[in-house]
Amino acid sequence: HHYHVFASLPHMERGVAKVLGGDPKGNNFLYTNGKSVIIRNIENPAIADVYTEHPHQVIVAKYAPSGFYIASGDVSGKIRIWDTTQKEHLLKYEYQPFGGKIKDIAWTEDSKRVAVVGEGVCVCVCGAVFLWDSGSSVGEIVGHSKIINSVDIKQTRPYRLVTGSDDNCTTFLEGPPFKFKCTISDHSRFVNCVRFSPDGNRYASAGADGQIFLYEGKTGEKLGSLGGEKAHDGGIYAVSWSPDSTQLISASGDKTVKLWDVGSGTAVTTFNLGSDVLDQQLGCLWQKNHLLSVSLSGYINYLDRSNPDRPLRTIKGHTKSIQCLTVHKTDGRSSIYSASHDGHINILHGENEGFVRKGHSNLVSRMAVDESGRLVTCSMDDTVRYTDLSKREYSASDVVKMDMQPKCVSVGPGGLAVTVCIGQLVLLKDKKKLFTLDSLGYEPEAAAVHPGGGAVAVGGADGKVRLYSVQGNTLKDDGKVLEVQGPVTDMSYSPDGAFLAVTDEKKVITVFTVADGYTEKSEFYGHHAKVVCLSWSPDNEHFATGGMDMMVYVWTASDPDKRIKIPDAHRLHHVSGLAWLNPNTLVTTSHDACVKQWNLKN
């Protein structure tokens, strides 16, 4: 099935440098998030490819200078070297140079040797250099007493290798085979980044002390520092050289990126990226004429030399796993709304466009759009929020506090909504709590308000669905109980109200026909694990489900045997949410922080 991916942003941590990889041809750049390596086109970042073959969290990925392979390293110390030319990204080699987190990777210019450094389980082994095709050692990385953050290899002969560590030192090695030459201790705090200039004449080291020092590439002799006393007011996390080796950029916790003239040691431009802690700059990349930096928020900034206070463009999106999504049409344009683990809500229409940062302070468990164009979301921060989509900003008045933690919200006509909280059902109307039903005698897990507004179905952990009526300002139990195969995970009426579909933990989807008092039901089998989410197509005939088996199925309500299967929709991650843009287009989200749009026309 053909799909388009809206890629996740880089995974960021406060005080931790983020290494960006650049393609030697200058077309793409690389970063990591969770178990994925994301390849994006630098001219048009909407074009993205996601590599998801690592079983553990990936930290860094770097192109071989040939451009044909990428080496990526994960938290367990595994290095995978894989093909870039085919869509399948076939694995060429896999190695385990040491046990522990890999933090940086460098190749020799002939693409034959790879150096990796990081946080070894044992401090004595935090780095390795080996032949790419056999894994056999071509030197020893020694001389540090703490974890190694950064490594680089001179891209001209004679080869030199340099490393930077939390022990405030850099080491300089000659080779191959690479042998320790000397330790340099100019920095007074952690060394975060070391990089040779493309012509090999110099290398720079940048540290948590706000200093950037320059050294002679062949001998390691100190040449000076950038910016006199200090290069930045905060720690420096990354540097990247210009292609002609005369300038470099540096990214700092002081929320700026600086562009340096290396010859004079002075800053030509200072790019200011904001005043919030999330605007700290933790990574950068100079590729052709593009200057990129990454903020702690995960935003990727394209810096503008002629307007340093405003990036040319900022790529937004999710950095954390996505929990739920919904789709809404305004003026004929469809927008995709997705919410993540950290409460961040994102809007997609063509280009990514994030919401304002102030919103839910915790995981958003469910979202829906009501008929007056308000996004209704419930979160583990114990609130239900109403966001006017025409304004696209949160306002405090739109928060309804719940007594218990909400799990699910469903909207109906006339400003009606029902929230399922732990042990209770809450009826809301026009952003106010009308009625709370507790002492239920069962644990509610999900609810669906009938499109006609009078009825509410509630699914329980006991594998039963109970029907309620909205009477005035109250919810009344109809005394009608429907049986499904297991604890309910999700449920929804078809848009025309003719069917009620219910998913459960026992891998089954049950569809009830509403017209005959819910007596007629069909069961849909196919998932190999718990089914977690469900969404009806606007055609009222098809619905899609996602399960812990990482499968997505598109079913036909009238014929349980007729189905479309999308295996591995988000490889190695289960689908957390589904929604339809139109009868031919399904959108899926997942814990890989990516959004995918599937064309089902064929």
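Keep in mind that this is a model prediction, so the values were computed, not measured.

The rules behind these values
- Residues numbered from 1 in each chain as written.
- Predicted model: local features only at pLDDT ≥ 70, side-chain atom pairs only at ≥ 80, totals over all residues.
- Heavy atoms only, no water.
- Helix = DSSP H or I, 4+ residues; strand = E, 2+ residues; numbered from the N terminus.
- Rg over C-alpha atoms; globule rule 2.2 N^0.38 Å.
- Buried < 20%, exposed > 50% of the residue type's maximum accessible area, 1.4 Å probe, protein only.
- Contact = heavy atoms within 4.5 Å.
- Pairing = 2+ DSSP bridges.
- Axes fitted to C-alpha atoms, helices over the stretch in contact; angles between N-to-C directions.
- Phe/Tyr/Trp six-rings, centres within 6.5 Å; stacked < 30°, edge-to-face > 60°.
- Lys NZ or Arg CZ within 6 Å of the ring centre and 35° of its normal.
- UniProt positions renumbered as here; feature names shortened; annotations may be inferred.

A word on the overall build of the protein
Next up, step 1: Each helix and strand counted, the protein has zero helices and 55 strands in total.
Next up, step 2: A compact globule built from 602 residues should have a C-alpha radius of gyration of about 25 Å, and the protein, at 27 Å, falls within 12% of that.
Next up, step 3: With the C-alpha coordinates of the protein rotated into their principal frame, the extents come out at 85 × 50 × 40 Å.
Next up, step 4: Residue burial in the protein is summarised as follows: out of 602 residues, 59% are buried.
Next up, step 5: If you take every contact in the protein between residues at least 6 apart in sequence, the share linking residues at least 24 apart comes to 43%.

Notes on the sheet that holds strand β16 (residues 179-184)
Next up, step 1: Here four strands make up an open sheet; going across it, the order is β13-β14-β15-β16 and the pairing antiparallel. Unpaired on one side and paired on the other, β13 (148-153) and β16 mark the two borders of the sheet. The mean angle between the axes of side-by-side strands here comes to 20°, regardless of whether they run parallel or antiparallel.

Focus: the sheet that holds strand β4 (residues 36-41)
Next up, step 1: On the basis of which strands lie adjacent, the open sheet formed by four strands has the order β2-β3-β4-β5 and antiparallel pairing. Of all the strands in the sheet, just β2 (21-22) and β5 (48-51) have a single pairing partner and so form its edges.
Next up, step 2: Strand direction decides the pairing type here: strand β3 (residues 28-33) and β4, joined by six bridges, are antiparallel. The partner of L30 across the bridge, within β4, is I39.

Remarks on the packing of aromatic side chains
Working definition: an aromatic ring pair is given by the centre-to-centre distance plus the angle between the planes.
Next up, step 1: Inspection of every chain in the model, using the stated rule, returns 16 aromatic pairs.
Next up, step 2: Taken together, a centroid distance of 4.8 Å and an interplanar angle of 20° make the contact between Y203 and Y215 stacked. Of this pair, Y203 sits in strand β18 (residues 202-207) while Y215 sits in strand β19 (residues 212-216), and the two are twelve residues apart along the sequence.
Next up, step 3: Among the residues examined, Y215 registers a relative accessible area of 1% and is labelled buried.
Next up, step 4: Three or more aromatic residues link up through ring pairs in this structure, and these residues are Y69, Y93, Y95, W107, F130 and W132.
Next up, step 5: Above the plane of the ring of Y302 lies R313, whose end atom (NZ or CZ) is 5.5 Å from the centre.
Next up, step 6: When the ring centre of Y442 is taken as reference, the NZ or CZ atom of R466 above it lies at 3.8 Å.

A closer look at the UniProt feature "repeat: WD" (unreviewed entry) in the protein
Next up, step 1: UniProt records the feature "repeat: WD" (unreviewed entry) for residues 51-92, 184-225, 229-270 and 524-555 in the present numbering.
Next up, step 2: Along residues 184-225 the backbone is 0% helical and 52% strand, and the end-to-end C-alpha distance reaches 14 Å.
Next up, step 3: Counting secondary structure, residues 524-555 comes out at 0% helix and 53% strand; the distance between its end C-alpha atoms is 8 Å.

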